[in-house]
Amino acid sequence: MRTSKLLALQLLILVSLFTSVRIACAQQAPAKFTQFTPGAIWPDNNGVHINAHGGGILYQKGKYYWFGEHKIESGAGNRAMVGVHCYSSNDLYNWKDEGIALKVSNDTTSDIAKGCILERPKVIYNVKTKKYVMWFHLELRGKGYSAARAGVATADKVTGPYTFIKSYRPNAGRMPFYPAETLDNERVDCTHPANKSDGFFCRDLPGGQMARDMTVFVDDDQKAYHVFSSEENFTLHLAELTDDYTGHTGKFIRIYINHQTEAPALFKRKGLYYMVGSGCTGWDPNAARWFTAKSIWGPWTFHGNPCKGAGADITYGGQSTHVLPVAGKKNAFIFMADKWTPKNAIDGRYLWLPITFKGDEMEINWSDKWGLNVFDK
Ligand code: GAL
């Protein structure tokens, strides 16, 4: 072989080696996360920012499943153009894209027609029916926020596909349940509504109560509850779900009447029920609030803002969506919040922060970076 030919061959080998190394690098799995960085871009297993806003997490058979609103770019992303996105994780730091669990419909007559507003989806598992049940806040396409309905879908597999069942305003014709200690003047009287919120409650009594920001909670006895902003967002309702979790029994209470609580998240610790929520300022952040109750049926006591330090008055720029008990750890609860970016909805960020307790008192503090080992202290 002539020297020039040999050189050319050597060059070719070098170039192809370089290219294959580059391809191998590009195909490498993304870096493994070992910490949370609240407010940062959070890449999934494909290196794409997690798209599960207003979400909640279900722990099932050793794995976490995160369900949330799939958003698209720009302001249009605030409407449901795709559906509910699901991710799975073994360690809470690294998430695998499991695809769209509930798809919006291309049928324009469907309640969940593409372009509707589908917010704050949460999934629970029913041990009796062996079904996964997803609840969400639904607004019908083209009707703004006027429908204020609860929507429900079920699946046989945790990651879906979920089948849409129905949407409606809960508890039509039903008056609240009152714990024994309720005073007469604390009961809503539709002949003399005591405040704005009572007025909305009475107005909606025949057709069912408004249901917007929401969560669902399964208690130790497997009874499930739906908590939602009702009465034009002036009052929270906590309502019992039927045994199969796909409907309301008609038993419910009203919480913190006339005080505009949104974004509820419920958890139980040492037999005490806790709820965290926000005020009502749309996509703009405001101060969080927390409540406790010895019985799920109340009375629920308001305790003010659980957040401390700089940024506490605006929940560090976020709004609550879920409180996650960490599996296998005692006293380990993660406050999950959304930092909304309504002008480019897909860019919304997640603020996950550890909750600390002083006795029964809960506290949330900002942390730039943290790991689950904070709960081992
Ligand atoms: C927020 C609510 C969000 C979304 C938004 C729309 O207050 O928590 O889920 O509904 O308003 O403006």
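Note that the structure is a prediction, hence the values are computed from the model and not measured.

The next thing to look at is empty space enclosed by the protein. Under the counting rule described, the total for this entry stands at 2 cavities of 30 Å³ or more. Size it by volume and the largest cavity reaches roughly 40 Å³. Lining of the largest cavity is provided by Glu-69, His-70, Lys-71, Gly-77, Asn-78, Arg-79, Ala-80, Leu-118 and Glu-119. Its residues assigned to classes, the lining of the largest cavity comprises 2 nonpolar, 3 polar and 4 charged. Reported here for the second largest cavity is a volume of approximately 30 Å³. Considering the residues around the second largest cavity, the lining is formed by Ala-52, Gly-55, Trp-66, Thr-321, Met-336, Ala-337, Asp-338, Tyr-350 and Trp-352. Within the residue set of the lining of the second largest cavity, elements represented by two or more residues are strand E19 (333–339) and strand E20 (349–358). Looking at the lining of the second largest cavity residue by residue, the classes come out as 6 nonpolar, 2 polar and 1 charged.

Glancing now at the pattern of salt bridges. Evaluated as defined, the whole model comprises 19 salt bridges. Between Lys-131 and Asp-156 there is a salt bridge whose closest N-O contact spans 2.9 Å. On the criterion of sequence distance, the pair formed by Lys-131 in strand E6 (residues 131–139) and Asp-156 in the loop between strand E7 (149–155) and strand E8 (163–168) is long-range, its members being 25 residues apart. Of the charged contacts in the structure, one is a salt bridge between Asp-184 and Arg-187, with a shortest N-O distance of 3.6 Å. Exposure remark for Asp-184: the relative accessible area of 65% places this residue in the exposed category. The class of Arg-187 is partly exposed, set by a relative accessible area of 35%. When salt bridges that share partners are traced, they join Arg-169, Arg-203, Asp-204 and Glu-232 into one network.

Attention now goes to helix H2 (residues 196–204). Along H2, the residues that are buried comprise Ser-197, Asp-198, Phe-200, Phe-201, Cys-202 and Asp-204. Packed against the buried residues of H2 are strand E11 (235–241) and strand E12 (248–255). Its side-chain oxygen at 3.1 Å from the backbone nitrogen of Ser-197, Asn-195 defines the N-terminal cap of H2.

Looking now at the site of the ligand. With respect to spatial proximity, the complete set of residues near the ligand consists of Glu-119, Arg-120, Tyr-145, Asp-213, Glu-262, Gly-282, Trp-283 and Gln-319. Asp-213 places a side-chain nitrogen or oxygen 2.5 Å from an oxygen atom of the ligand. Within the complex, 89% of the 310 Å² of free accessible area of the ligand lies under protein. Here the shell around the ligand is built from residues that sort into 2 nonpolar, 2 polar and 4 charged.

This brings us to the layout of surface pockets. Considered as a void within the structure, the largest pocket measures approximately 760 Å³ in volume. Together, 31 residues line the largest pocket, and Leu-58, Phe-217, Val-218, Asp-219 and Pro-325 are the ones closest to its centre. Grouping the amino acids of the lining of the largest pocket by side-chain chemistry returns 18 nonpolar, 6 polar and 7 charged. As a volume, the second largest pocket reaches approximately 550 Å³. Forming the walls of the second largest pocket are 28 residues, and the residues nearest its centre are Tyr-178, Thr-182, Glu-186, Arg-254 and Ile-257. Where the lining of the second largest pocket is concerned, the elements lending two or more residues are E12 and strand E16 (301–302). If you tally residues by element for the lining of the second largest pocket, the top one is E12, at 3 residues. Across the lining of the second largest pocket, the residue classes break down as 15 nonpolar, 6 polar and 7 charged.

Predicted confidence across the chain gives a mean pLDDT of 94, with 92% of residues reaching 70 or more. Below a pLDDT of 50 lies the segment residues 17–27, which in the model reaches 0 contacts outside its immediate sequence neighbourhood of four places, other chains included.

Moving on to the environment of Thr-215. Residue placement: Thr-215 occurs in strand E9 (residues 214–218). C-alpha of Thr-215 to C-alpha of Val-123: the two residues are 92 residues apart in sequence and 9.1 Å apart in space. Apart from residues no more than four positions distant in its own chain, Thr-215 is found in contact with Lys-122, Tyr-225, His-226, Val-227, Pro-264, Ala-265 and Leu-266.

Calculation notes
- Residues numbered from 1 in each chain as written.
- Predicted model: local features only at pLDDT ≥ 70, side-chain atom pairs only at ≥ 80, totals over all residues.
- Heavy atoms only, no water.
- 1 Å grid on protein atoms, 1.4 Å probe; cavity = no way out; pocket = protein on both sides within 12 Å on 5 of 7 lines; lining within 4 Å.
- Points joined across faces, edges and corners; volume = space filled by probe spheres on them.
- Nonpolar A, V, L, I, M, F, W, Y, C, P; charged D, E, K, R; others polar.
- Helix = DSSP H or I, 4+ residues; strand = E, 2+ residues; numbered from the N terminus.
- Salt bridge = Lys/Arg side-chain N within 4 Å of Asp/Glu carboxyl O.
- Buried < 20%, exposed > 50% of the residue type's maximum accessible area, 1.4 Å probe, protein only.
- Contact = heavy atoms within 4.5 Å.
- Polar contact = N/O pair within 3.5 Å; in protein donor to acceptor, adjacent residues only side chain to side chain.
- Near = heavy atom within 4 Å.
- Areas by Shrake-Rupley, 256 points an atom, 1.4 Å probe, with all protein chains shown as cover.
- pLDDT = per-residue confidence, 0-100.

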